[in-house]
Amino acid sequence: MRKAWGVGVRPLAAGVCGLLLQLGSVAMATSGSEQDWERHLDALERIEAIQDPLERCLAMPAPPETHWPEGLWNDSCRFDLAPRQVVQVDDIYRMLDAGELETLDALFRGYQAQDEAHPDGSLTLRAALKLFRRLDAISAGERWARLAPDSVYARMAGANAALERAWRARGTAFAQQTSRQQFREMRRFMDTALAHATRALELDEGLVQACALKAQVGRVDSRPDVRERALAHCLRVAPDSFQVWSEIYDGAEPRWGGSVEALAGVAAEARSRVARNPMLARLARDPEVLALVSSGDVRREPDLADARYPLLRPEALASTNRSIADAFASTARRTERYRESVAFLSMALLRETDEDRRQHDLYERGVDLQRLGRYAWSLRDWDLHVAKVPTGSWNHFYRGQALFALERHDEARDAYEDAYRFFPDSRRRSLERLWELEMSQERVDAAVLVLRRLNRLAPQDARYWFTLAELLYDLDRDGFEEAANQFVERAPRDPGNERLMAAHATMADMRAEWGRRRIEGPPEG
């Protein structure tokens, strides 16, 4: 028979039904020195305070056990993040209107000069030319090419504008859902892009962007002869260009008619040139890894993570390829190697420029940081994520978890309520955690209200009725009998379920004691 009642309020974790999902410590497998990975995560957390994205990226120490070619990480940071101050679209239109064609040409000539010191030679000028793939700049590129047909930069502006027109004409549907007219329009614009790029190469045969664009057109529009000639030209003028080898690599993928073996051959050849351009180490080597990363099966087939971890790990440690880092982080997470997952997600985040991928990785890292007990860092990720995705799935819930762990209870309460409001799938877990928060603060009246919300949300769940009955019993409050009856009604006895039978026995004890109280009153003292 239970003796205690009316004063002590037990935490829910001690209840028979074990209502709460506890976010406790997690047993983790590790490779290498656990202390080395912990120190690396400490360093990663410290550099988060650096405001400038490029400086923050350059400050990252190499993860344990990596064997990168010298200069690879720094070159990767600069390739992705180096500031490229290029002309604004409005200024391009203004110069075209004013007939300032030589001024415009000089600007782009200056961008090309800036790139000459970079081993890839394709950063600032490439960024400037890509302006003409923007919807608001397409007509500027077409107009400049008409007004200055003997300017290499005008021609490349026209080529990029035509390429964007081609993609827009084709649309984004699958081939079988795309009309012949759409394909005809696409090819017409591709022809225009090829004509502009061909003329650009006549004006400057060393312009990598021009031959790479021709190779891309040959790939996506099934013109192998155009592609082969363009790549031959590229390799003659820039044999170690990352842009060139990336295009060769893309063309070897199975979706473009290549094969895993072809990808492996391209990657091996590119890596033989790493001493001259460390950026080429970003290309993977192992054919199975290439197939996995390009297929997306790593995320779709989590049950195979144990087998894939030893396959992906050597490539992740040898390359700064973002796709490999992301695939390896996913596999490390599935095999409960959360330190490695956080490390490689951080690598990806440090160089990420796509906002959608950035938010995805912040979400994944925020969860894994909580599994490691790094709640302050996790909270910073959730603050960033919630600011960009205010109604996203589970983000407010996990933000509440971090705030609760940091004992910022009022903010945690608000976060759980936001989760309840914005994402219906999180409502039960949000209320469960809100219940634990109220109990931890001995706010029993608020805790009762939370339980009643759970009863309304999931009236068939006997666990919530049991927990409410247990709490009201301890508090000696009205409503116990109704909650007890609801539990008995919704939890049929099952002799094979020991926990359920124990709950029924406990409930029987409480009901008997409750009846005695109604007759005798509370014990003295």
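The structure reproduced in this document is the subject of the present report.

The rules we used
- Residues numbered from 1 in each chain as written.
- Predicted model: local features only at pLDDT ≥ 70, side-chain atom pairs only at ≥ 80, totals over all residues.
- Heavy atoms only, no water.
- Helix = DSSP H or I, 4+ residues; strand = E, 2+ residues; numbered from the N terminus.
- Buried < 20%, exposed > 50% of the residue type's maximum accessible area, 1.4 Å probe, protein only.
- Contact = heavy atoms within 4.5 Å.
- Areas by Shrake-Rupley, 256 points an atom, 1.4 Å probe, with all protein chains shown as cover.
- Disulfide = S-S within 2.5 Å.
- Axes fitted to C-alpha atoms, helices over the stretch in contact; angles between N-to-C directions.
- Left-handed = near helix turned anticlockwise from the far one by under 90°.
- Nonpolar A, V, L, I, M, F, W, Y, C, P; charged D, E, K, R; others polar.
- Expected span 1.5 Å × (residues − 1).
- Polar contact = N/O pair within 3.5 Å; in protein donor to acceptor, adjacent residues only side chain to side chain.
- Salt bridge = Lys/Arg side-chain N within 4 Å of Asp/Glu carboxyl O.

### Concerning the overall build of the protein chain
Phase 1: A count of helical and extended segments in the protein chain gives 27 helices and 0 strands.
Phase 2: When each of the 525 residues of the protein chain is scored for burial, the buried share is 52%.
Phase 3: Long-range contacts, defined here as pairs at least 24 residues apart, represent 62% of the contacts in the protein chain between residues at least 6 apart.
Phase 4: Here the protein chain displays about 24,500 Å² of accessible surface, and carbon together with sulfur accounts for 49% of that area.

### Section: the state of the cysteines
Phase 1: The tally for this structure, following the rule as stated, stands at 2 disulfides.
Phase 2: A disulfide bridge connects Cys57 with Cys77, and the sulfur atoms are separated by 2.0 Å. One disulfide, between Cys57 and Cys77, carries an S-S torsion of -75 degrees and so falls in the left-handed class. Of this pair, Cys57 sits in helix α2 (residues 53-58) while Cys77 sits in helix α3 (residues 72-81); the two residues are 20 residues apart in sequence, bridging distant segments of the chain. Comparing Cys57 with Cys77, the two get one shared label, buried.
Phase 3: When the cysteines of the protein chain that form disulfides are numbered from the N-terminus onward, they connect as 1-2, 3-4.

### Let's talk about the packing of helix α16 (residues 305-318) against helix α17 (residues 322-334)
Helix-helix packing is described using two parameters, namely the angle between the two axes and the distance between the axes.
Phase 1: Closest axis-to-axis distance for the α16/α17 pair is 9 Å, and the angle between their directions is 140 degrees. Pair α16 / α17 crosses with left-handed handedness. Along its contact with α16, which presents Ala305, Arg308, Tyr309, Leu312, Arg313, Glu315 and Ala316, the element α17 presents Ile324, Ala327, Phe328, Thr331, Ala332 and Arg334.
Phase 2: A breakdown of the residues in the contact of α16 with α17 according to their chemical character gives 8 nonpolar, 1 polar and 4 charged.

### Here's the deal with helix α18 (residues 338-351)
Phase 1: In this model α18 runs 20 Å from its N-terminal to its C-terminal C-alpha over 14 residues, within 8% of the 20 Å that 1.5 Å per residue would give.
Phase 2: Within α18, 14 of the 14 residues are buried, which leaves the element mostly enclosed by the surrounding structure.

### Considerations on helix α19 (residues 355-371)
Phase 1: Its 17 residues place the ends of α19 25 Å apart at the C-alpha level, agreeing with the 24 Å of an ideal helix rising 1.5 Å per residue.
Phase 2: Every buried residue belonging to α19 is among Gln359, Asp361, Leu362, Tyr363, Glu364, Arg365, Gly366, Val367, Asp368, Leu369 and Gln370, and all of these are buried.
Phase 3: The backbone nitrogen of Asp356 lies 3.2 Å from a side-chain oxygen of the residue at the head of α19, namely Asp354.
Phase 4: Just downstream of α19 lies Gly373, where phi reads positive at about 80 degrees.

### As for the pattern of salt bridges
Phase 1: This structure, assessed with the given rule, holds 55 salt bridges.
Phase 2: A salt bridge links Asp105 to Arg109; the nearest nitrogen and oxygen atoms lie 3.2 Å apart. You can see Asp105 and its partner Arg109 sitting in helix α5 (residues 101-115), 4 residues apart, about one turn around the helix.
Phase 3: Put simply, Arg187 and Asp221 hold a salt bridge, and the shortest N to O gap is 3.1 Å. One end of the pair, Arg187, is in helix α9 (residues 180-203); the other, Asp221, is in the loop between α10 (208-220) and α11 (224-237), with 34 residues separating them in the sequence.
Phase 4: When its relative accessible area of 9% is taken as the criterion, Asp221 is described as buried.
Phase 5: Counted as one network, the salt bridges with shared partners bring together Glu34, Glu38, Asp42, Glu45, Arg339, Arg374 and Arg380.

### Brief notes about the environment of Val208
Phase 1: Mapping Val208 onto the fold places it in helix α10.
Phase 2: Not counting residues within four places of it along the chain, the set of residues in contact with Val208 comprises Cys234, Ala238, Ser241, Gln243 and Val244.

### Observations regarding the side chain of Ser341
Phase 1: Of note, Ser341 is situated in helix α18.
Phase 2: In this structure Ser341 comes out as buried when scored by relative accessible area, which is 0%.
Phase 3: One polar contact links Ser341 to Asp368, side chain to side chain, over a distance of 2.6 Å.
Phase 4: Ignoring any residue separated from it by four or fewer positions in sequence, one finds Ser341 in contact with Ala329, Ala332, Arg333 and Asp368.

### What to know about the environment of Leu475
Phase 1: One can find Leu475 in helix α25 (residues 462-475).
Phase 2: Exposure remark for Leu475: the relative accessible area of 16% places this residue in the buried category.
Phase 3: Note: C-alpha distance between Leu475 and Val444 (31 residues apart in sequence) is 8.8 Å.

### Side note on unusual backbone geometry
Phase 1: The backbone of Glu65 shows a phi angle near 75 degrees, a positive value even though the residue is not glycine.
Phase 2: Tracing the sequence through the fold places Glu65 in the loop between α2 and α3.
Phase 3: A positive phi angle, near 55 degrees, is found at Ser222, a position not held by glycine.
Phase 4: Examined against the element boundaries, Ser222 turns out to sit in the loop between α10 and α11.

Purely spatial values, then, with no claim about function.
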